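A look at the structure
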Amino acid sequence: MLQSECPIQYCNTGRNCIYSSRTKKWRCTSCTGLRIPNEAKSECVCPAGFFPTSDGGCAVCKDNMFCPQGQSALRSTARPCPANTVTLRRGAKSINDCFNAPGYSYRKTSAGIRAVPCGVNTWTTGLKKQTTCTACTTGFKTDPETVPGSHTSSDVCQAPAGSFVTGVSTALCPKGEYSDDYSLATACKTCEDLYDGLGITTARESSTSARNCTWLEPGYALMDDKKRAILGRVDLTNTPISGAKKCPQNWYCPGGDPNGTGTPTKCEHNMWTEDKGALSPDECVAPPGMYLPDVPASGLTAEQMKIRHCPRGTYKETWQRVGVAGCLPCGTGYWLSDKTIFLSELDPNSGLTQGLTTASSEGYYTVDSCLTQPGYGYLQGASQLCAEGYWSAGGTRLPCTQCPFGRTTKAAVEINSDAVNCTKYIAGYGELNNIPQLCAIGQYQEPQVDVGTSCQACPPSLTTRAVGGASSTACDLCAAGWGTIALNTTCKSCQDGFYGDADRKDSACTKCPGGRSFSYDWQGVDDIFTPQTTSKPFSSSQADCVADFAQTVEGSFHLDLQYAAGASSELLLVPGRENLQSCVQDVAFKLLSSTNLAASTKVAAQEMGSGEYSFIPDGVNTPARIAPSSRNTPVATTSLRACLKACSNVNLCAGVVFGQLSGEETIAGDSCKLILGKSLPGNSLRTLIKANFMGLNTDTRVCAGYFSQPGSNTVVVCPPSSSADAVAANRQGWFCPGGGVGSAPRTRCSAANPTGTYMPEGAEKAGDCGAWLLPGYYYKQGNTPPVVACAANSFCPGGDNIAGATADKGMQACPTGTQNTGGITAVSMANCDKVVLGYYYLAPGPISADTIKRCDPGFYRDTNLVPITVNSTTVAAGVSGACVGAGRLRCPTGSSSAEFAKAVTDCTILLPGYQYSGAGAIGITTIKTCDDDRYCPGAATITANVPSLGIACPEGTGVAKNADDEARGITTANGCTKLYAGYYYTGVGMDISRSTVQPCPANNFCHGHPQNPATISLGTPILPIGCPTGTKGDAGTQRTGLTDDEDWRTANRPLLVATPASSAANGGETTNDCNRLVAGYFYDGSNVEPFITSSTIKVCEPGKFCSTEGLLIEKGDDTNPDNSGPADPGVNNCVTGVTSLAGAKSMNDCNIIQARYFYDGNGPISSSNINDCPQKSYCLLLPGYYYTGAGDISDDTVLQCPDDSYCIGVARPANGDSSCPGCIVVGTPLGKADCPTGSGTAEVAWTPTNRDSINDRINIKPGYYYNGASGCSAIVADTSAAPCTFKVCDFEATNAFCNGATDVGLLTVSAGRTTCATANPPPSTLTSCDVLAGREGLDCTSSAQCISP
């Protein structure tokens, strides 16, 4: 049949579509495309793995779906794979082509194929119909927070929190490290990295959180966010911690729980540690200079046990605990012991030296601290008296100090304690230019002369062999130019041809050197001449020796001579060999020194003369004169010295001719001519010059200031106006302008010296007449007369030359602070002999700027013009009293002054530790020690009648007033160490302040003055004490209206001086301030003081409830009506039919239904909903069984009591029916109670009698123990109660492990608990174990978990 006629869609044409007349139906045997006939061949369908499309085709089955062969042409057979299964590829034909997805296992069940997610610690890659997941390698675990199906590879197997990966296994994080999540990390995080430093660790290994980094390494203390060491217990939850730091000096830190064994502890007895980081009390020792008192049989108080300073004259260098025998004696001699010695103490927060801890007047901590007395020095291990010329102020371990250069001490004074004792010169020293100097050659100084004395000159003919002549006997050598000749021992002028050298070692004159010969050829024959040497009187060196006859230069030198008229015939007969016997006037001849004669036969070019010339004054006629041609070389100069120098520099110059020799330096400008010789090689003429040794000096004039009368050859100094002839001439003086010897007379002044003037010795000119001031006078410019008596407050030493003066001259002001009346007696500073207000004279020494001082701060002088008594030897009495001469007064104790104070009213600086009452003038009655409960920082300016009373101590603190009104009180708040009751000291930092001293917090009490004295030691907390269990108290608060410490002090003044009643506004002070009850407790009415204690506050009894929250406790007023005493509300009996456990707080705690009663469930427990059980309505629940509440009473709902539970049943009612006892409410579970946490039932076969009581055969779980006591008769179900129940292993202390116990009969105290020390005896240090939060029952379950503290 044709396709168009075939009713089967998609059937191939032709014979493939067949009609059956029997069945009256069409069949198709072949379909178009991918389609195939279905089983009935009634339709063309898609084959398995395909699904029909809208265009009649077949598409491949999609991912994660399967497509069985279809039965309908158009209906799709595509089906999704079961949940969490997938196909490996497209075209799945059946459900068997669905495989488990990664992370799931493959399960065939009666309900079909299921994909089950891999469970805890398993994984699978899936896709292989794995029926089970692969387990993680031992030690690896999966994160329980991962979503189902995520365990697709082994990477989900990670090291759990508290461990890390080590290759193919895991290991627990060691102590000090933690891991807070599942990971594949190969190392744990460290506490050191967390806090960027050492010191913090964990309690044990396998820590799971950074919060476990709270334990301290030994030697460390916690550090707050300000880098300060926390030295007390700390709230780890609310206190920011920035790390740890070395245990502060003088504390020790054992390490461990910072609120337990690891809390830093201050060394007892005030002992020190040598450095930071101490681990144990064994490191607390007496520091150098201190010792620990020896304890006598009678014992010592705590105060007496504190370390003490080594006694005077002893020292101790070591850090150790020793008695006083450890303080070693300083040695022999005399030793001081009042020098303040210091030890450096480290700041607990910065670790730097925080200042110096004074060791009072003793406490020598090194042998170098043994100090000498004044006047004694340290030498060869002993204290020895200072020798003459040495001094020592004492208080050191140094040798005596030598007096300043040239000085020594007075021989009669034995104790020399200051440089001012050096008042004498050492023999051989004297004053020169205002400083001490060794006496020069030719001078000496006798011993023990006063400072300021110049050296004495030896006699003119004598000198000393060296500087520093110590007496006149040192003048034992002839002076230069003087000497002895032959056997004559008297020093005289060295004779002609000798000289006396200043450097010789004996007194003999030395012969001038000679021996030089001149040789020259004369008519073929050598003519040799050897001259002698000569010298001027008092010649002092070889340079003074010249040749008697000598030619000026080596070689053929001669002068061109001419004969004079009248010459002798002898000269005429020998014209070729003339002698120059004498010279013309005005001539000076150059001479050669004897030195050159002795040294060489040649004269070097630069040695053209000795510098000596022979002057021939007053020329005479001579038989021969120098030819004019030899003296025609002029030198343009007006200076005789320049004329001579010109000749010295020319080798052929034999001498000079110059103008008239009158003794003056100046010569006529055209008179200087050089006398030049000739040097003709081969010429045998020679000229020798004869030396005139008496004319060897270049200066023969009489100097100005001297005179030489006509006809006299003596020169005399010009006399002063005080000379006899001047006085005779009405004080007309002389002046002497100088001139030639025998022609330089003196001249008398034209008038007498004016009043106040004089002329000294040696006046030179007329202008010197009356030009010098006498002592007591000065020149006053513009005044008539110009010279007047010295003005007031000045002195006029005289001696000034006022010639040509244009301003006042000759008067000097008195030193500041002194005055005088002036006048002609005021001739020196010594006449400024009265001291004025605000100044004083400080002996020793003369009046000067150095001895007149302004009053130092703290002193005043209130008397004007006090005469000064000069004292050159006595040291001033010092600051304790009046100074020698003119004294000063100390300001009243507690006050001071600026410099220059003139009266006690200037003592306006209030010193630290003192207060000014304001009740009058400054004095000892108004300035006293700081008042009690105040500190006085000082530096205040006192204003008359305005009180300055210091600053009140920080609230809650105080200090006792010093009994001595003149003794200094405290100066800072850190001296307020008296802690008053109701306040506590945090110990944070090293200051006492409002932030470190706080009112006692709620539910605590704080001991303090005056009932229970407490003294603050900086850095050592004094913390609140918790109220007795069952009570609470109010927090201390700042009272209304009080704004500062002063107001608090005023308001509390009556309470601070005597034992007061409780003052809860300041915080609880004793247990009696814990005066309100906590619900579940009552007060027994005891009258014993204190009446509120742990023994008078009791837990509410079973069968009662105590709704006592906040109930005020009144002494003697019993809050339990069953006891004697007045009844107060709060303690009540449970209603009939119910009872309670101990500590019930309300009626709803009466939740234990008694036999024969039931609770109808209508509202809170009350008498109206606790009813009698109707008989035969309910079945009796027997001990050892419980009712599940899951339906009617049957064998399925009433079961044997399970493990770790107990079932006490319900007691039979008195009128009960044994066949149907009653008291089970259908649908309400009844009769089963879980064993207290930490306990369970023994693993024994069940019987009704071993499950019917909490006390039945017990297992103690690992990690727990029985916290019993001698009075426990039964186990208490409430594990928060104590004792008589089960507790976590470290409840009492972190020193034990709890490995559990099985089938325990009679429970004993601490059953199941063993101390670490028992299992790990010494020398093991594994003595500590504590349980981290969340690990109860896991930590401390065996001795292996014990650690070192």
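Up top is the structure these notes are about.
So, here is what we can say about the structure in this document. (Residues numbered from 1 in each chain as written. Predicted model: local features only at pLDDT ≥ 70, side-chain atom pairs only at ≥ 80, totals over all residues. Heavy atoms only, no water.)

Here's the deal with the overall build of the protein chain
Across its full length, the protein chain holds seven helices and 118 strands. Out of the 1349 residues in the protein chain, the part that is buried amounts to 42%. Across the protein chain, the fraction of contacts at a sequence separation of at least 24, relative to all contacts at a separation of at least 6, is 54%. A total accessible area of about 65,500 Å² is found for the protein chain, and carbon and sulfur atoms account for 53% of it. (Helix = DSSP H or I, 4+ residues; strand = E, 2+ residues; numbered from the N terminus. Buried < 20%, exposed > 50% of the residue type's maximum accessible area, 1.4 Å probe, protein only. Contact = heavy atoms within 4.5 Å. Areas by Shrake-Rupley, 256 points an atom, 1.4 Å probe, with all protein chains shown as cover.)

A few points about the pattern of salt bridges
Taken as a whole and assessed by the stated rule, the structure comprises 19 salt bridges. As a salt-bridge pair, D180 and K189 come within 3.2 Å of each other at their nearest N and O atoms. Residue K928 pairs with D965 through a salt bridge whose shortest N-O separation is 3.7 Å. Highlighted residues: K928 in strand β87 (residues 927–929) and D965 in the loop between β91 (957–958) and β92 (978–979), separated in sequence by 37 residues. With a relative accessible area of 31%, K928 lands in the partly exposed category. Taken together, the shared-partner salt bridges connect R204, D1330, R1335 and D1339 into one network. (Salt bridge = Lys/Arg side-chain N within 4 Å of Asp/Glu carboxyl O.)

With respect to the sheet that holds strand β38 (residues 424–425)
Reading across from one edge, β37-β38-β42 is the order of the three strands in this open sheet, with antiparallel pairing throughout. At either end of the open sheet lies a strand with only one pairing partner, and these are β37 (407–408) and β42 (449–450). Pairing analysis gives two bridges linking β38 to β42, with the strands arranged antiparallel. Bridging across to β42, K424 finds its partner in D450. (Pairing = 2+ DSSP bridges.)

As for the state of the cysteines
According to the stated counting rule, one finds 34 disulfides in the structure shown. Covalent S-S linkage joins C6 and C17, the inter-sulfur distance amounting to 1.7 Å. One quick way to see it: the torsion about the S-S bond of C6 and C17 is about 80°, and its sign makes the bridge right-handed. Remark: C17 occurs in strand β1 (residues 17–20) and C6 occurs in the segment before β1; sequence separation between them is 11 residues. Between the sulfur atoms of C1000 and its disulfide mate C1006 the distance is 2.0 Å. For the disulfide bridge between C1000 and C1006, the dihedral angle about the S-S bond is near 85°, and by the sign convention the bridge is right-handed. (Disulfide = S-S within 2.5 Å.)

Here's the deal with unusual backbone geometry
Of note, the bond from H1009 into P1010 is cis; its omega dihedral lies within 30 degrees of zero at 0°. Relative to the helices and strands, P1010 is located in the loop between β95 (1004–1005) and β96 (1014–1015). Cis geometry is adopted by the peptide bond preceding P1323, which originates at P1322 and carries an omega value of 15°. Within the element layout of this structure, P1323 appears in the segment after α7 (1316–1319). Residues other than glycine seldom take positive phi values, yet N434 does so here, at roughly 70°. Topologically, N434 is positioned in the loop between β39 (429–432) and β40 (435–438). Residue classification places N434 among the exposed positions, given a relative accessible area of 70%.

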